[in-house]
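Here is how the chains run, residue by residue.
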Amino acid sequence: IDAFNNNMPYDEFTIKQLAGDLLPNAKREDILATGFNRNHTYNGEGGRIAEETRVENVFDRVETVGTTWMGLTLNCSRCHDHKFDAITQKEYYQLYDYFNQTSEVGNVYGSGRIKPVVDMSPIEETKKAEELKAFLAKIGDSVEKFEETKFPRDPGLPVSKSKVAEGIIESNIKELDKKAIDRNSYPLSILSKYFEKYDSKYAAMLKDLREAKVNHTEQLKKNWLVMVMDELDSARQSYILARGTYDKHLEPVYRDVPASLPPLPEGVENNRLALARWIVSPEHPLTARVTINRYWQAFFGNGLVKTVENFGVQGALPTHPELLDWLSADFEENGWNLKRLFKKIVMSATYRQSSKVTDKLLALDSENKFLSRSTRMRLPSWMLRDQALFISGLLVDSLGGEPVKPYQPSGIWDEATFGKIKYIQDHGDALYRRTIYSFWRRIVGPTVLFDNSPRQVCTVKAMNTNTPLHALTTLNDITYMEASRVLAERILLEKSSDRERITYAFELATSRKPDLEEISILETRIEQLRLEYSQLTDEAMKIIKIGEYRLNEKLDPIEHASYTVLSSLLLNLDETITRQ
């Protein structure tokens, strides 16, 4: 968010996301940016094979880079040579090798984060974690030195501890032979209790080690640990994998870029940073075009290349190839400046057209491929929520901070988590922050986002809202009904007559004044609502108490309920929820 607000050049943004940790004198924020590469599905189930998870995560990195920056369907080459584009299976695994060198192991450890991580906590919390880690390492070293002296080894395990393990903690035998920074709390507890009878000094050391480990883990749970990228000191060998199977190694491969694209510059250190710089180099034919096309889609509904995810042989041809070329060259030559690009688009005559369509235009250009009119687009669900909060005056427009948990139906996570993890709703301002800050459990997304793409894989194709869940949400969800009652309060406090209130509310929702026919319809509706709620006072009280925002008890409940329903109507107008 800071990068976009500060208009960081897109090429710099790209390099930091893909390889910020490898920049000379990398700052904490540069390393943080590489968290983009760690946005995978992680499975902490006991039967999950760690190496399989790690390999699938590397696949995801490769394919996300292919989709996001090059518009290439690289996943087709995971198991065989691409059937359409000039990408071989070997070249896929050469790209794989760039992302296969991080210390990630696929296992979840104490804090619930999979290393490597960077601590973005306030300085004092980071310092506490570092001190506890150093103390833990110190105790661990003492235990290891004691064990080396006290317990002569057999293959596999120290003799004494092997006997302890036998029949007591068989399932944890491997844990006993790890370094003391690495053993789990359970075997440490078993060992310390056992050795209280035979070696009290060793037992006390194990107890101290376990306590230090628990304290460090508890501190890490409080800290803001973000999974990021790093680079192994000694390179991990990459292989072509038979049909993409994680443990079916074929021939070894070494990092390189596809032969069908420009080569890397001579003399550079061939690592992930070199790849990132290559992606945004002037010689690369795809990156600027793919980026321009995706932003064009955001403004116009469709890209100049309709298949925004596929610039390969099977992708659509551009409707305006010269325009795409010119915009791409202009973008690169002017410092990859996104705000300049956006300004150029929104000030263009093409963007500022009306969306009204004549029969003649519809016959000539039914899909608006030739941009003969503005594109009417239903706003995406995340934007609809932000819009309702903004119009009502509820939106808390602050930047940054931890994710928030707004309203959700009770029990929404039960089936996916077997009832073990509960959704704990936030309160106060957290309920009204922008949707981008909403906590998202990947397998159970926020229910208010009724049309979002699944987050298991990178998706760049825009989804147009076209589902019954839309109306069910925007007419019934707590967020929308609360926004409606708060908007009603705003209307009642700002204006005195029905006509003034209706005109004011209509303008807030649609950004224009209503005509006389619209005013007449809405005046009739408000009279009907008053009559209904005057006979259903209990229902009136229920509707004006929806949500946690404080109730203005000075307002007449019948008026408040009537204008709440009218506000809901206005928030659901096609003109309100559609980009005209």
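Residues numbered from 1 in each chain as written. Predicted model: local features only at pLDDT ≥ 70, side-chain atom pairs only at ≥ 80, totals over all residues. Heavy atoms only, no water.

Participant: Mind laying out the overall build of the protein, listing which residues take part and the relevant values?
Facilitator: For the protein, the count of helices and strands is 24 helices and six strands. Summarising its shape, the C-alpha atoms of the protein cover approximately 95 × 60 × 40 Å along the three principal directions. Within the protein, the proportion of its 580 residues that are buried is 46%. Here the protein displays about 30,700 Å² of accessible surface, and carbon together with sulfur accounts for 53% of that area. The average position of the 77 basic charges and that of the 84 acidic charges among the side chains of the protein differ by 2 Å. (Helix = DSSP H or I, 4+ residues; strand = E, 2+ residues; numbered from the N terminus. Buried < 20%, exposed > 50% of the residue type's maximum accessible area, 1.4 Å probe, protein only. Areas by Shrake-Rupley, 256 points an atom, 1.4 Å probe, with all protein chains shown as cover. Lys, Arg positive; Asp, Glu negative; His and termini not counted. Charge placed at Lys NZ, Arg CZ, Asp CG, Glu CD.)

Participant: I'd like a description of empty space enclosed by the protein, backed by residues and values.
Facilitator: Space inside the largest cavity adds up to approximately 50 Å³. If you trace the largest cavity, you find it lined by Leu384, Gln387, Ala388, Thr474, Tyr480, Leu571 and Ile577. Among the elements that make up the lining of the largest cavity, the one with the highest residue count is helix 16 (residues 381–392) (three residues). The residue makeup of the lining of the largest cavity, split by class, is five nonpolar, two polar and no charged. (1 Å grid on protein atoms, 1.4 Å probe; cavity = no way out; pocket = protein on both sides within 12 Å on 5 of 7 lines; lining within 4 Å. Points joined across faces, edges and corners; volume = space filled by probe spheres on them. Nonpolar A, V, L, I, M, F, W, Y, C, P; charged D, E, K, R; others polar.)

Participant: Can you explain a nonpolar patch on the surface? Please cite residues and give values.
Facilitator: A surface patch of nonpolar side chains, amounting to about 320 Å² of accessible area, comprises Ile1, Leu399 and Ile436. Positionally, Leu399 belongs in the loop between helix 16 and helix 17 (414–417). Residue class for Leu399 comes out exposed when judged on its relative accessible area of 58%. (Patch = residues over 30% accessible without salt bridge, like charges linked within 9 Å, V, L, I, M, F, W, Y side chains within 5 Å. Salt bridge = Lys/Arg side-chain N within 4 Å of Asp/Glu carboxyl O.)

Participant: Outline the environment of Leu206, supporting the account with residue identities and numerical values.
Facilitator: Counting through the fold element by element, Leu206 comes out in helix 10 (residues 200–222). The exposure class assigned to Leu206 is buried, which follows from its relative accessible area of 0%. Along the primary structure Leu206 and Ser192 are separated by 14 residues, whereas in three dimensions their C-alpha atoms are 5.4 Å apart.

Participant: Which residues make up helix 21 (residues 516–534), and what values do they have?
Facilitator: Here helix 21 spans 27 Å end to end across 19 residues, near enough to the 27 Å set by a 1.5 Å rise per residue. Considered for burial, the residues of helix 21 that qualify are Ile519, Leu522, Ile526, Leu529, Arg530 and Tyr533. For helix 21, the angular spread of buried residues about the axis comes to 100 degrees, placing them on one side. Across helix 21 from its buried face, at more than 90 degrees, point the exposed residues Leu516, Glu517, Ile521 and Leu531. Looking at the buried positions of helix 21, the neighbouring elements they touch are helix 20 (498–510), helix 22 (537–543) and helix 23 (557–571). Capping the start of helix 21, Asp515 holds a side-chain oxygen 3.2 Å from the backbone nitrogen of Glu517, two or three residues further along. (Expected span 1.5 Å × (residues − 1). Arc of directions from axis to C-beta. Contact = heavy atoms within 4.5 Å. Polar contact = N/O pair within 3.5 Å; in protein donor to acceptor, adjacent residues only side chain to side chain.)

Participant: Before we move on, could you go through the side chain of Asp477 and cite the residues and values that matter?
Facilitator: By the element assignment, Asp477 lies in the loop between helix 18 (468–476) and helix 19 (478–494). No salt bridge is formed by the buried Asp477; the nearest opposite charge belongs to Arg385, separated by 6.5 Å. Polar contacts involving the side chain of Asp477 include one to the main-chain amide nitrogen of Thr479, which spans 2.9 Å. Asp477 has contacts with Val448 and Leu472, leaving out every residue within four places of it along the chain.

Participant: Mind laying out the pattern of salt bridges, listing which residues take part and the relevant values?
Facilitator: Side-chain pairing between opposite charges can occur once the charged atoms of the two side chains come close. One pass over the full model with this rule turns up 31 salt bridges. One salt bridge in this structure joins Arg272 and Asp21, with 2.8 Å as the shortest N-O distance. What makes Arg272 buried here is its relative accessible area of 1%. In this structure, Arg289 and Asp325 form a salt bridge, with 2.9 Å as the shortest nitrogen-oxygen distance. Of this pair, Arg289 sits in helix 12 (residues 287–300) while Asp325 sits in helix 13 (residues 321–333), placing them 36 residues apart in sequence. You can call Arg289 partly exposed: its relative accessible area is 29%. Overall, the relative accessible area of 35% leaves Asp325 in the partly exposed class. A single salt-bridge network, built from bridges that share partners, covers Asp21, Asp97, Glu231, Arg255 and Arg272.

Participant: Give a description of the packing of helix 4 (residues 50–70) against helix 5 (residues 89–98) that names residues and reports values.
Facilitator: Interhelical geometry of helix 4 versus helix 5 gives an angle of 105 degrees and a closest axis separation of 9 Å. When the interaxial angle is binned, helix 4 and helix 5 end up roughly perpendicular. Only Tyr92, Tyr93, Leu95 and Tyr96 of helix 5 make contact with helix 4, whose side of the interface consists of Arg54, Val55, Val58, Phe59, Val62 and Glu63. Looking at side-chain class alone, the contact of helix 4 with helix 5 contains eight nonpolar, no polar and two charged residues. (Axes fitted to C-alpha atoms, helices over the stretch in contact; angles between N-to-C directions. Parallel < 35°, antiparallel > 145°, perpendicular 65-115°, else oblique.)

Participant: Which residues make up the environment of Glu507, and what values do they have?
Facilitator: Mapped onto the secondary structure, Glu507 falls in helix 20. We classify Glu507 as partly exposed; its relative accessible area is 34%. Taking the C-alpha atoms as reference, Glu507 lies 19 Å from Ser354; in sequence the two are 153 residues apart. Apart from residues lying up to four places away in sequence, Glu507 is in contact with Arg512 and Lys513.

Participant: Go over the packing of aromatic side chains, please, and point to the residues and values.
Facilitator: Here the distance between the centres and the angle between the planes together describe a pair of aromatic rings. Within this structure, the stated rule accounts for 20 aromatic pairs. Plain terms: the ring middles of Phe59 and Tyr96 are 5.6 Å apart, the flat faces sit at 50 degrees to each other, and that makes the pair tilted. Of this pair, Phe59 sits in helix 4 while Tyr96 sits in helix 5, and the two are 37 residues apart along the sequence. Across the pair, exposure class does not vary: Phe59 and Tyr96 are buried alike. Above the face of the Tyr437 ring, Arg433 is positioned so that its terminal group lies 4.0 Å from the ring centre. Here Arg441 stacks its cationic end above the ring of Trp413, 5.1 Å away from the centre of that ring. (Phe/Tyr/Trp six-rings, centres within 6.5 Å; stacked < 30°, edge-to-face > 60°. Lys NZ or Arg CZ within 6 Å of the ring centre and 35° of its normal.)

Participant: Provide a residue-level description of the packing of helix 20 against helix 23, including the pertinent values.
Facilitator: As a packed pair, helix 20 and helix 23 sit with axes 10 Å apart at the nearest point and diverge in direction by 35 degrees. For the pair helix 20 and helix 23, the sense of crossing is right-handed. Contacts from Asp498, Arg501, Ile502, Ala505, Phe506 and Ala509 in helix 20 reach Glu559, Tyr563, Leu566 and Leu570 in helix 23. For the contact of helix 20 with helix 23, the residue count by class is seven nonpolar, no polar and three charged. (Left-handed = near helix turned anticlockwise from the far one by under 90°.)

Treat this as a map of the structure, not an account of what it does.
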